[in-house]
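# Examination of the molecular architecture
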Amino acid sequence: MSSQRCVQVAVDAPLKELLTYRVPSDLNFIEEGMSVTVPLGKRKVKGVVWKIDVTPNGEFKLKDIIDSSSERPVLSKSHRQWLEWISSYYLHPIGQVAALTFPPLKQKGRSTANAKKQVIPNIDPSSPPELTEEQKSCIEAIQSVNGYATHLLHGVTGSGKTEVYLHLMHDVLAQGKKALVLVPEISLTPQLLKRFASRFPGQVAVIHSHLTEREKTDQWWKMILGEAQILIGARSALFCPLEPLGIVIMDEEHEPSFKQDEKLRYHARDAAIVRAHTSHCPVVLGSATPSLETWRNCQTQKYHYHQMVHRVSERKMPEIEVVDMREERQKRRDQEGQPLPFWISQSLYDRLLETFQKGEQAALFLNRRGLAQTILCQSCGYVYECPNCAISLTLHAKNHMVCHYCNYTDRLTEQCPQCADGDIHPLGLGTELLEEDMARLFPDIHICRADRDEIQNRSDLEEMISSMESGKTDLLIGTQMIAKGLDFKGLTLVGLVMADVGFSLPDFRAAERSFQLLTQVSGRAGRHSEMPGQVVIQTYNPGHASIRYTQDNDYSGFAHEELSHREELRYPPFGKVASLKIIGLHHDRVVQAAEQLAQRGFVLQSKFPPYKDLQILGPTQAPMAKLRGKFRYLILLKGSSHKMLENFCQQLTYDLKWMPAGTKLQIDMDPMNML
Ligand code: ADP
Ligand code: ZN
């Protein structure tokens, strides 16, 4: 027996367990939470000391820790507890979870002084406005609870939720604590940063995916060293080990982008709640359209509920007109009496005309890019498909075909590749087509298109925003990129060109997503005018619940109806779901692996009584049956509790050596993306 000290380390490698190492005698100080470098096979890897003074089980010859890393801060007990929760809840190796807590680069060579571009906009300080009664009472109610609590701030678009966050943060900072603000990547606009930076000059740091690794590292250290007290970021900012943490705020908590879809498939909302719990601080979730999970947790009083039903300064909620496109086929005409394009109703056209004549701004929303979704040969029925993905190619810019999943591109040929006649026709509708048609209908207006083709980086986004703010742009045409967060003074008319996109996606959250999107998009209109904003929703399904309840601005009515469907089928929030995705290059092997895995699942279930109520559905082909050259099969697990699913998955996947070569299993707990 060696008398040397041994510790367990969470090593940054795909390992289920902690590894034991000896502490060399020249390493005179070691503590839990400290970063170390250790040997792993022939490599040197980083890790975090998880337990000190463990007794080795003597079978293996233990290796020595190479050195400790003074470069990285020691992780607190509460932070480590939180990392452990993530690791077990999402079945992800603890060492790889722990590694996410550190910045991508070394601290050395920090270059805040000579940084070329400013990560946080320079801005004049501003003082807070007089709070509304609703804002005051929400703030009081939130502050009346000590320690950990989850609060939902349910406020209509434009009710001043951000002002509530700013106020709460102010009080947290006054206590010498730090604040974490999580927003969807897409709403991390210069507008939003300016609002925070002007209220808290010099105290804000930001982390998002458009920063360079150097910038991310610098922002991270600003927080750790206490140079800034407020961290604003997309979901990954949650991992920054802020101490002491005084509040976590998550705006637009319903946003599906808070769920990471690859590697560690965590939901930042749920992780934020646990983070607040281990840090004994409040977490405030904000939304105009809360997720049904959160809504249900308020109904069962797990979360505290706070509501704001009025827009600030008595600004009105938008007026929503729903146009049944089935009745719009023939009669539509423009000013000169010419027929209108098939996608626009008379009412939307007339209102656009009026808006431009008054010198106000309008936005058209369509959740589809390009000119047409399908390119079809009318003689033989041939459809251009992506060779890597089971999906048709989208037409862009006359003859440029693109796969929206893997970016495969091809040129549209005049001749059909399958038959000689070749009568190729683009079918469908996208933002590019809207732009073309609108430029023809309104030759004098300035149009800006905001979709992934036009807006590829932050400076494109900033340009779009400033041309809207300055009034240069008359018409904004965009995808969901323009649905969220944006706040333009002159924008009084919003048109939803085809609300139906998304209604029939094979996903139990399809109706919820549509309702959220419609409400969010509508909320962009008339945020600053005395007159209510105008919204035109064009649809082929005017009776769809998402549309009816959006029109009536009736969130709770929608939630009530949708929850009753969910309850019947035991979908979240009434049950828990996990998806097991089997992917691989060879179709037959993927099928074989999926079938065998399901079979093993059934055997496991029959052996262990606690799994009696579990439902194992599938395997079935995933809705996206092939993606980026890989075939995909799905097994869906439904259970009454997360713990049951977690245990089941752990047992089922403990040993995966039997899986056919070239196949891979991805486990997704609480999946948000069913495709
Ligand atoms: P939400 O996040 O709920 O959509 P915001 O926080 O963006 O709403 O507020 C909408 C607008 O109202 C913003 O321009 C904001 O500056 C303004 N605002 C918020 N609170 C007040 C207030 N108490 N008095 C005056 N204006 C306010
Ligand atoms: Zn593709």
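None of the values given here were measured: they were computed from a predicted structure. (Residues numbered from 1 in each chain as written. Chains lettered and ligands numbered in written order. Predicted model: local features only at pLDDT ≥ 70, side-chain atom pairs only at ≥ 80, totals over all residues. Heavy atoms only, no water.)

### Considering the packing of helix 15 (residues 587-607) against helix 16 (residues 642-652)
Packing of helix 15 against helix 16 brings their axes to within 10 Å, and their N-to-C directions diverge by 120°. Here helix 15 lies oblique to helix 16, going by the angle between them. Here the hand of the crossing between helix 15 and helix 16 comes out right-handed. Contact with helix 15, carried on its side by Leu-597, Arg-600, Gly-601, Leu-604 and Gln-605, involves Phe-648, Gln-651 and Leu-652 of helix 16 and no other residues of that element. In terms of residue class, the contact of helix 15 with helix 16 is built from four nonpolar, three polar and one charged. (Axes fitted to C-alpha atoms, helices over the stretch in contact; angles between N-to-C directions. Helix = DSSP H or I, 4+ residues; strand = E, 2+ residues; numbered from the N terminus. Parallel < 35°, antiparallel > 145°, perpendicular 65-115°, else oblique. Left-handed = near helix turned anticlockwise from the far one by under 90°. Contact = heavy atoms within 4.5 Å. Nonpolar A, V, L, I, M, F, W, Y, C, P; charged D, E, K, R; others polar.)

### Remarks on the environment of Leu-636
For Leu-636, the location among the structural elements is in strand 26 (residues 630-639). Its relative accessible area of 14% is what places Leu-636 among the buried residues. Counting along the chain gives 56 residues from Leu-636 to Leu-580, while the straight-line C-alpha distance between them is 6.3 Å. Look past the residues within four positions of Leu-636 in its chain and what remains in contact with it is Tyr-571, Val-577, Ala-578, Ser-579, Gln-615, Ile-616, Leu-617 and Met-674. (Buried < 20%, exposed > 50% of the residue type's maximum accessible area, 1.4 Å probe, protein only.)

### Examining empty space enclosed by the protein
Under the criterion given, the structure shown has five cavities of 30 Å³ or more. Here the largest cavity defines a volume of roughly 90 Å³. Forming the walls of the largest cavity are Phe-365, Leu-366, Asn-367, Leu-496, Met-498, Ala-499, Val-501, Ser-514, Leu-517 and Leu-518. Grouping the constituent residues of the lining of the largest cavity by class yields eight nonpolar, two polar and no charged. (1 Å grid on protein atoms, 1.4 Å probe; cavity = no way out; pocket = protein on both sides within 12 Å on 5 of 7 lines; lining within 4 Å. Points joined across faces, edges and corners; volume = space filled by probe spheres on them.)

### As for the pattern of salt bridges
Scanning the entire structure with this criterion turns up 27 salt bridges. With a shortest N-O distance of 2.8 Å, Glu-512 and Arg-566 are connected by a salt bridge. Within this pair, whereas Glu-512 is found in helix 12 (residues 510-522), its partner Arg-566 is found in helix 14 (residues 555-569), the two being separated by 54 residues in sequence. Given the relative accessible area of 2%, Arg-566 is considered buried. (Salt bridge = Lys/Arg side-chain N within 4 Å of Asp/Glu carboxyl O.)

### Re the site of ligand 1
Taken together, 19 residues are adjacent to ligand 1, and Glu-130, Gln-135, Gly-158, Lys-161 and Arg-195 come closest. Between ligand 1 and Gly-158, the relevant distance is 2.7 Å, taken from an oxygen atom to a main-chain nitrogen or oxygen of the residue. Ser-159 is positioned such that a nitrogen or oxygen atom in its backbone is 3.3 Å from an oxygen atom of ligand 1. Contact with the protein chains removes 81% of the 560 Å² of surface that ligand 1 exposes when unbound. Here ligand 1 occupies the second largest pocket. When residues in the shell around ligand 1 are grouped by element, the largest group, three residues, is from helix 4 (residues 161-174). Both of domain 2 (110-313) and domain 3 (315-368 + 429-568) provide at least three residues apiece to the shell around ligand 1. (Near = heavy atom within 4 Å. Polar contact = N/O pair within 3.5 Å; in protein donor to acceptor, adjacent residues only side chain to side chain. Areas by Shrake-Rupley, 256 points an atom, 1.4 Å probe, with all protein chains shown as cover. Sits in = over half its atoms within 2 Å of the grid points. Domains from an automatic or database assignment.)

### Overview of the packing of aromatic side chains
All told, the structure shown has 18 aromatic pairs when counted by the stated rule. An angle of 90° between the planes, with centres 5.8 Å apart, marks the rings of Trp-85 and Tyr-90 as edge-to-face. Look at Trp-295 and Tyr-305: their rings are 5.6 Å apart centre to centre, the planes differ by 80°, and that puts the pair in the edge-to-face class. A residue pair is termed long-range when its members are at least 10 positions apart, and Trp-295 in helix 8 (residues 292-299) and Tyr-305 in strand 12 (residues 304-308) qualify at 10 residues. An aromatic cluster of three or more residues is present, and its members are Trp-295, Tyr-305, Phe-515, Tyr-549, Tyr-555 and Phe-558. We note Arg-275 situated over the ring of Trp-82; from NZ or CZ to the ring centre the distance is 5.3 Å. Cation over ring: Lys-638 sits above Tyr-571, and NZ or CZ is 4.1 Å from the ring centre. (Phe/Tyr/Trp six-rings, centres within 6.5 Å; stacked < 30°, edge-to-face > 60°. Lys NZ or Arg CZ within 6 Å of the ring centre and 35° of its normal.)

### Let's talk about the side chain of Ser-78
Relative to the assigned elements, Ser-78 resides in helix 1 (residues 77-89). On the accessibility criterion, Ser-78 (17% relative accessible area) is buried. At a separation of 3.3 Å, a polar atom in the side chain of Ser-78 contacts the side chain of Ser-76. Beyond its immediate stretch of four places on either side in the chain, Ser-78 contacts Glu-243, Thr-278 and Ser-279.

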